[in-house]
Structure formats: C-alpha cells, structure tokens
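An overview of the molecular structure
Residue-level listing of the chains:
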Amino acid sequence: MRVISFIKYVILFALLYVSFLVYSLPAGFLWQYLKPFVEQDLRRINLQVGDVGGTVWDGQVLLKYRGSAGVLMWNLSSAKVMQGQLGIDVRVTSDVGVINGSVYGGLDEQSITLDSAHVYLKNVNPHLTSQKVSLDGELDIKNVLLVLRDKKIADSIGSLYWTGGNISYPAGREVHVRDLPAFRGNIKWHEPNVLLGIRDENASFDVITLLLEQSGWLKLNTTKRVLDLAQEPWPSSSREDQVVFSMRQKLF
C-alpha cells in the first residue's frame, strides 16, 4: 500500500510540475516555434508581430498594421481549460481605439463577446485614401454577443452608436462632403440570421439594414432617407423608407 501511495504522490507531483511549467511558459518562447507556420499568412494581410511578452496564460504582443500600431493583451481562464473548454479575455489598445472582448466555448458551443469598443474614425482615414473616403466622429459598440452552436450561428445581440460628423465619398468624378447626424444600430437575432438595423436619431424605421445569413452571405439594404440626409438627388415621389440600394457579399 505504501508503494501505491508513493506512486500516486509521484504522479500528482509530476502533473503539478508540468502544469506549473505550462502556466509559466513565456509567450515569446512559444511564438518562436509558431512564427514559421503563420508568417506567410501574416504577410498576406499586412500584419506585423513585434515584441511578445508575458506568459502563454497572461501576455501581450505588439501588432502593426499599415502604419497603425497597437497592443493585444490576453488572459486565459485556467478554470475553463481544466473543464476542456476555451476561455480567453482580450483587450486591444491602439491609436485607432480600444476593444475589450472574450471568446468562450467547447466543442459543441462557442460564444464571441465584444464587451465594448471605442473607435476614433479619423484615425482610420489613412487606410481609406485609395477609396477617396474619409470618416469623422467616434463609434461606440457595446454588449455584442455571437453564439455558435454545432458550427451554426444560434444567437446574437448588441448595439452601436456613431456620433455623426463630416464624411466624404466619391460621387462620379466629384468628391462630396456631407455633415451627417448621429446614428444608432441594434443587432438582433432574426432566426436563422443576424440582423443589424441602423437608423438616424430622427428616424422611426431602420434606414440601413445588414442581414448575415447562415450560408455566409451578407446582404445590405439602404433606403432613400439616407440619400435625403446626404442631400443626394433622387426622385421626390419615392417614399423615404423605399430601398434604393442593395448589395450582397460572400463573407465565409
């Protein structure tokens, strides 16, 4: 019996020791092994990885993307890992804004949460020069939740708010500059799809809608009211809730 007890203690000590090594493993050490496998994909999306600090469980990394720099910090939940699930909290700070979110889940169900995001749209403009588009104001996103179950979207919710401001965009050979009011948006579960409805502060209906289908198609509808707000010409006989522009794009 003493031999069996001794073996149990040895196994327990070994497990604790291995757990300690994994828990304290430097993130930079692991990155050196992962880097050759992802370097080509990172170059394809123009994302550069700088200094990596902390541990695998609680660390940070410097990221650079087309002239913008930011720090990604993460914290892994050991309790979730012991249950065979993924649990990670993420925070991104950059000159563009701040993002706080998390990813949780197991094999059958996963959830992606965007607790809050604050974006300074003027700082995005350098990336939009080629499209001759400029943005203004600040964008707040709160309490966004996306639930995946059996590899399908099962639920969604969230809200966003844009403060309004001066934007510019190409219109034929001209570039129009317009001062737009504030807009609010709500993300809803429109089974079996995700629906984002956006309206200005004086509208009684959604002036822009985006519908994300299970098949990966994103459908955009824009009403005449948006053109009225932007002072763009359109037949006055049309109702302001009439859809005047639609687009579909495959996302995944």
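Data block above holds the structure.
Presented here is an overview of the structure given in this document. (Residues numbered from 1 in each chain as written. Predicted model: local features only at pLDDT ≥ 70, side-chain atom pairs only at ≥ 80, totals over all residues. Heavy atoms only, no water.)

**Topic: the pairing of strand E13 (residues 208-212)**
Relative to E13, strand E12 (residues 193-200) is paired through 5 bridges, and the arrangement is antiparallel. For Gly-197, the partnering residue across the bridge sits in E13 and is Thr-209. Bridging between E13 and strand E14 (residues 217-223) involves 5 bridges; their strand directions are antiparallel. For Ile-208, the partnering residue across the bridge sits in E14 and is Thr-222. Once E13 ends, the chain turns through 4 residues before running back antiparallel as E14, passing Gly-216 with a positive phi of about 95°. (Pairing = 2+ DSSP bridges. Helix = DSSP H or I, 4+ residues; strand = E, 2+ residues; numbered from the N terminus.)

**Comments concerning the environment of His-118**
On the secondary structure map, His-118 appears in strand E6 (residues 109-120). The residues touching His-118, leaving out its near neighbours within four places in the chain, are Val-96, Gly-97, Val-98, Glu-138, Leu-139 and Asp-140. Of note is the side chain of His-118, whose polar atom sits 2.5 Å from the side chain of Asp-140. (Contact = heavy atoms within 4.5 Å. Polar contact = N/O pair within 3.5 Å; in protein donor to acceptor, adjacent residues only side chain to side chain.)

**Some remarks on the packing of aromatic side chains**
Under the counting rule described, the total for this entry stands at 2 aromatic pairs. Here the guanidinium or amino end of Arg-248 rests over the ring plane of Trp-217, the centre of that ring lying 4.7 Å away. (Phe/Tyr/Trp six-rings, centres within 6.5 Å; stacked < 30°, edge-to-face > 60°. Lys NZ or Arg CZ within 6 Å of the ring centre and 35° of its normal.)

**Some thoughts on the environment of Val-177**
Here Val-177 is to be found in strand E10 (residues 174-180). Between the C-alpha atom of Val-177 and that of Val-133, which follows or precedes it by 44 residues, the distance is 9.6 Å. Excluding anything up to four places from it in sequence, Val-177 contacts Ile-167 and Ser-168.

**Things to note about the pattern of salt bridges**
A complete count under the given rule lists 10 salt bridges for this structure. Where Glu-232 meets Arg-178, a salt bridge forms, and the shortest distance between an N and an O atom there is 3.7 Å. A residue pair is termed long-range when its members are at least 10 positions apart, and Glu-232 in the loop between helix H4 (224-229) and strand E15 (243-250) and Arg-178 in strand E10 qualify at 54 residues. Arg-178 matches Glu-232 in its accessibility class, with the two residues each being buried. Residues Glu-213 and Arg-248 are paired through a salt bridge, measuring 3.2 Å at the closest nitrogen-oxygen approach. A residue pair is termed long-range when its members are at least 10 positions apart, and Glu-213 in the loop between E13 and E14 and Arg-248 in strand E15 qualify at 35 residues. (Salt bridge = Lys/Arg side-chain N within 4 Å of Asp/Glu carboxyl O. Buried < 20%, exposed > 50% of the residue type's maximum accessible area, 1.4 Å probe, protein only.)

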